[in-house]
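Next come the chains, spelled out residue by residue.
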Amino acid sequence: QVTVEESGGGWVQPGGSLRLSCAASGSIFYINRMGWYRQVPGKQRELVASVAKSGDLRYGDSVKGRFGLSRDNANVLEMNDLKPEDTAVYYCTAEFWENGHFRNAWGQGTQVTVSS
């Protein structure tokens, strides 16, 4: 079993930066991929960024060039040049191997609000 917990959300003005952190615990050896998704009311949860043990790094189209997720430290999401449309609840997720298949652990989410 793997659990994850986010921290670091808050309010920031447009153009500002925030850093989100994700703490993973439990059977972390079996984690294959870690990443971040976000969701606003009435919309589907969307990919922000994720990185696999293989080094495969993926970003959502709307954050490319502004957000950064390190292959060496997948637990920290650097968000730069934030826009009001980045306002959402951000969720950390870990894909891990258990009992012959992959499962996903999700955190409770942390609110990010971008406004002036």
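Coordinates for the structure precede this section.
What comes next is a walk through the structure. (Residues numbered from 1 in each chain as written. Predicted model: local features only at pLDDT ≥ 70, side-chain atom pairs only at ≥ 80, totals over all residues. Heavy atoms only, no water.)

**Section: the overall build of the protein**
Line of reasoning, step 1. Along the backbone of the protein there are zero helices and eleven strands.
Line of reasoning, step 2. When the helices and strands of the protein are placed in sequence order, the string is β-β-β-β-β-β-β-β-β-β-β.
Line of reasoning, step 3. On C-alpha atoms alone, the protein measures out to a radius of gyration of 14 Å, which is about the 13 Å that the 2.2 N^0.38 rule sets for 116 residues.
Line of reasoning, step 4. Within the protein, the proportion of its 116 residues that are buried is 38%.
Line of reasoning, step 5. For the protein, long-range pairs separated by at least 24 residues make up 52% of all intrachain contacts whose partners lie at least 6 apart in sequence. (Helix = DSSP H or I, 4+ residues; strand = E, 2+ residues; numbered from the N terminus. Rg over C-alpha atoms; globule rule 2.2 N^0.38 Å. Buried < 20%, exposed > 50% of the residue type's maximum accessible area, 1.4 Å probe, protein only. Contact = heavy atoms within 4.5 Å.)

**A short note on the nonpolar core**
Line of reasoning, step 1. Grouped together as the largest cluster of nonpolar side chains are 26 residues, with contacts concentrated most on W36, V48, F67, L77, M79 and Y90.
Line of reasoning, step 2. Secondary structure elements with two or more residues in this core: β1 (2-7), β3 (18-26), β4 (31-39), β5 (46-52), β7 (67-69), β8 (76-79), β9 (88-98) and β11 (110-114).
Line of reasoning, step 3. Considering each element in turn, this core owes the most residues, five residues, to β9.
Line of reasoning, step 4. Excluding residues within four positions of it along the chain, V48 makes contact with W36, Y37, R38, R58, Y59, G60, V63, F67, L77 and Y90. (Core = buried A, V, L, I, M, F, W, Y, C linked by side-chain atoms within 4.5 Å.)

**Structural notes on the pattern of salt bridges**
Line of reasoning, step 1. Inspection of every chain in the model, using the stated rule, returns nine salt bridges.
Line of reasoning, step 2. Put simply, D81 and K83 hold a salt bridge, and the shortest N to O gap is 3.6 Å.
Line of reasoning, step 3. On the basis of relative accessible area, K83 is assigned to the partly exposed category, the value being 29%. (Salt bridge = Lys/Arg side-chain N within 4 Å of Asp/Glu carboxyl O.)

**Focus: the pairing of β1**
Line of reasoning, step 1. The alternating pattern of β1 places V2, V4 and E6 on a buried face, while none of T3, E5 and S7, on the opposite face, is buried.
Line of reasoning, step 2. For β1 and β3, the ladder comprises six bridges, and the chain directions are antiparallel. Bridge pairing in β3 places E5 opposite A23. (Pairing = 2+ DSSP bridges.)

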